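Residue-level structure breakdown
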Amino acid sequence: MKHKPTHECGVFAVFGHPDAALLTYYGLFALQHRGQESAGIVSAKGSDSTFQQHKGMGLVSQVFKMDDLDELKGTRAIGHVRYSTTGSSTAKNAQPFVVDTNRGQLAVAHNGNLVNAAQLRVELEAKGSIFQTTVDSEIVLHLLAQPRGDGGALAALRRIEGAFSIVLMSEREIIGFRDPHGFRPLCLGKKDGAYVLASESCAFDLIQAQFVRDIEPGEVVIIDNGGIRSEFPFRETRSAFCIFEYVYFARPDSNIAGVNVSDVRVRMGRELARLHPAEADLVVPVPDSGIFAALGFSEELGIPYYPAFVRNHYIGRTFIQPSQSIRDFNVRVKLNLITEIVKDKRVVVVDDSIVRGTTARSRVVTLREAGAKEVHMRISCPPHRFACYYGIDFPNPDKLLANQCTMEEIRKYLGADSIGYLDLEGMIRATKRPGNDFCTACFSGDYPVGFDAEFDKLIMEKRARRVRLLDNEEPRLI
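Treat the numbers as computed from the prediction; the structure is a model and nothing was measured.

Rules used throughout
- Every chain begins its residue count from 1, and numbering advances along the sequence as written.
- With the structure being a predicted model, the display of local features is reserved for residues of pLDDT at least 70 and the display and counting of side-chain atom pairs for 80 or more, all residues being used for whole-chain, interface and lining totals.
- Working from all heavy atoms in the structure, the side-chain values ignore hydrogens and water.
- Secondary structure counts use DSSP, requiring at least four H or I residues in a row for a helix and at least two E residues in a row for a strand, with both numbered from the N terminus.
- For every residue, the accessible area obtained with a 1.4 Å probe (protein chains only) is divided by the maximum for its type, and the residue is called buried under 20%, exposed over 50%, and partly exposed between those limits.
- Distance and chemistry together define a polar contact, namely a pair of N or O atoms within 3.5 Å, with one atom able to donate a hydrogen and the other to accept it when in protein, and with adjacent residues in sequence counting only for side-chain atoms on both sides.
- Note on definitions: a residue-residue contact is assigned when non-hydrogen atoms from the two residues lie within 4.5 Å.
- pLDDT: the predictor's confidence for each residue, scored from 0 to 100.
- A fitted line through C-alpha atoms represents every axis, and for helices the fit uses only the stretch in contact; the resulting angles, taken between N-to-C directions, go from 0 to 180 degrees.
- It is the rotation of the near helix from the far one that decides the hand of a crossing: anticlockwise by less than a right angle makes it left-handed, clockwise makes it right-handed.
- All amino acids are sorted into three groups, where Ala, Val, Leu, Ile, Met, Phe, Trp, Tyr, Cys and Pro are nonpolar, Asp, Glu, Lys and Arg are charged, and the leftover types, Gly among them, are polar.
- Space inside and on the surface of the protein is sampled on a 1 Å grid over the protein atoms alone, with a cavity defined as a set of points where a 1.4 Å probe fits but cannot get out and a pocket as an open set with protein on both sides within 12 Å along at least 5 of 7 lines; lining residues have an atom within 4 Å of a point.
- Grid points are joined across faces, edges and corners, and a volume is the space filled by probe spheres set on the points.
- Only when DSSP finds a minimum of two bridges between them are two strands counted as paired.
- Seen with its strands pointing away from the viewer, a crossover is right-handed if its path from the first strand over the helix to the second goes clockwise.

In this section: the side chain of Ser-289. Counting through the fold element by element, Ser-289 comes out in the loop between strand S17 (282-285) and helix H10 (291-301). Taking relative accessible area as the criterion, Ser-289 reaches 12% and is therefore assigned buried. At 2.4 Å, the side chain of Ser-289 forms a polar contact with the side chain of Asp-352. If sequence neighbours within four positions are ignored, Ser-289 has contacts with Val-247, Tyr-248, Arg-265, Asp-351 and Asp-352.

Taken together, the buried positions of helix H16 (residues 424-431) are Gly-426, Met-427, Ile-428, Ala-430 and Thr-431. Elements in contact with the buried residues of H16: helix H8 (244-249), strand S16 (259-260), helix H9 (261-275), strand S23 (438-439) and helix H17 (441-444). Positioned one or two residues after H16, Lys-432 has a phi angle of 60 degrees, which is positive.

Summary statistics for the protein chain give a mean pLDDT of 88 and a share of 87% for residues scoring 70 or more. When the criterion is pLDDT under 50, residues 317-322 qualifies, and its contacts beyond four places in sequence or with other chains add up to three contacts.

Our next topic: unusual backbone geometry. The residue after Gln-95, namely Pro-96, is reached through a cis peptide bond having omega 0 degrees. Its location among the elements puts Pro-96 in the loop between strand S4 (76-82) and strand S5 (97-101). Cis geometry marks the peptide bond from Pro-287 to Asp-288; its omega dihedral reads -5 degrees. Despite not being glycine, Ala-257 has its phi angle at roughly 55 degrees, a positive value. Inspection of the secondary structure puts Ala-257 in the loop between strand S15 (255-256) and S16. We note that Lys-432 has phi near 60 degrees; this positive angle belongs to a residue other than glycine. Note that Lys-432 resides in the loop between H16 and S23. The exposed category is assigned to Lys-432, whose relative accessible area is 66%.

Our focus in this paragraph is the packing of H9 against H16. The N-to-C vectors of H9 and H16 enclose an angle of 145 degrees; their axes lie 8 Å apart at closest approach. Crossing of H9 over H16 shows right-handed handedness. Here Val-264, Arg-267, Met-268 and Glu-271 of H9 come into contact with H16, specifically with Gly-426, Met-427, Arg-429, Ala-430 and Thr-431. In terms of residue class, the contact of H9 with H16 is built from four nonpolar, two polar and three charged.

According to the stated counting rule, one finds five cavities of 30 Å³ or more in the structure shown. The calculated volume of the largest cavity comes to roughly 70 Å³. Broken down by element, the residue count for the lining of the largest cavity peaks at three residues, all from H17. When the residues that make up the lining of the largest cavity are grouped by side-chain class, the tally is twelve nonpolar, one polar and one charged.

The next subject is the pairing of S4. Extensive coverage of S4 is indicated by the burial of seven of its seven residues. Neither face of S4 is open: one carries Arg-76, Ile-78, His-80 and Arg-82, the other Ala-77, Gly-79 and Val-81, and all of them are buried. One ladder, built from seven bridges, connects strand S2 (residues 38-44) with S4; its direction is antiparallel. Residue pairing for S4: Ala-44 is matched across the bridge by Arg-76.

A few words now on the sheet that holds strand S12 (residues 220-224). With antiparallel pairing, the six strands of this open sheet are ordered in space as S5-S6-S7-S8-S12-S13. This sheet does not close on itself; its edge strands, each paired only once, are S5 and strand S13 (227-231). Geometrically, the sheet is characterised by an average inter-axis angle of 20 degrees between neighbouring strands, direction not taken into account. Taken together, the five bridges between S12 and S13 define a ladder with antiparallel strand orientation. Its bridge partner being in S13, Ile-223 is matched across the sheet by Ile-228. Sheet strands in contact with helix H5 (residues 137-145) are S5, strand S6 (104-111) and strand S7 (165-169), and its direction is about 145 degrees off that of S6.

What follows covers the pairing of strand S21 (residues 374-379). For S21, the tally of buried residues reaches five of six residues, placing the bulk of the element in the interior. In this sheet, S21 lies alongside strand S20 (residues 346-351) in parallel orientation, the contact comprising six bridges. Paired with Val-349 across the two strands is Met-377, which belongs to S21. Handedness of the crossover joining S20 and S21 through helix H13 (residues 358-369): right-handed. Alignment of S21 against strand S22 (residues 418-421), held across four bridges, turns out to be parallel. In the strand pairing of S22, His-376 is matched with Ser-418.

Listed below in structure tokens is the structure:
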């Protein structure tokens, strides 16, 4: 059961480096926080060589061994780490996807959600397209493989709607592009004369690449032997960068739109302290995403900061379910409390978000059991009340705690002495960017792009099941 908004995906690409696949491997390592279900790399030597690929289920370190990387020769590569936001978590849905078309080989890796994926798939299948996966990203390849019409490939890209930061590899080039709203991040770097694309700038730090700039919303960057150029084929529209990247998703050492993520989180903590101060002896963060907000809260009110929750970074997955004698195993195995620190203390716990509330409640119970005198919960973003259709896997809105309870009911459910959320204005103010730059739909219900009312992450699977359940009188293939 998920108790946090779940991660999205990460993309990475290299053009013009003899160790392209190895750099991509390290880049994916740095982006592992964006997706832990599967990982993959596709590489190419030249325009007359077959694309090499390796992908699988699991973490980057589990999917790739040195022998696998030795097989991925070439000077170009794209890579992907996945959390499933459309399509189930299976090996066939692991990216990048590779196809052989009348335009040559194509490979794609995608972060985001296409809101018109189901409609486009129906249209493409009616024209004879055969799909191998249940992921919206494959639709991009089918659109590009269609016969050229007016506008060519750029016209095909204009067909897709929603959130997409995508890297594409063809026979001669690598292409990176963001949707015109700029929901998801994508940036450009350079290393040893080679160009690099990544979801976040922290990936450049690991491979010692120079950060050049962010890819702009609606920009298509084409990198080939002639250099780099940009096209802007999409209709201009309002910016709608996902503000939750600053709150939770992005790594704190990344810079997005010229703003460091950790700095934003510290300012969110300061804003939270001014809005909902507390008289306490300690400020305790929930690792890892609550650390910087807790630091800002502590600094603003002059309350000592202490990381009393210790995270186990090496738990992986447990396939042996704990017995009933170990209560709340799945919560406790991730974070353990230094009880001596909180005994007889008034404690402020700072976290980035509450979704269902189960985990937050467990934290309060643990602190009470350790002898904390008071427990005050502080959350560095507003209450989540709405679903996301642009690449974050939230639960059904009916299961969001803030939709089920008033603030006082939330406080009682958690067992806290007080509860305080940062408001929308303070969250935006902490970014030092204009409010109209952001998508805040999960907090406000203001959706920048329309969506299929029937959408959920398994929409493709459900559609396939409907086809299989057609009445016996329906026409057959033969």
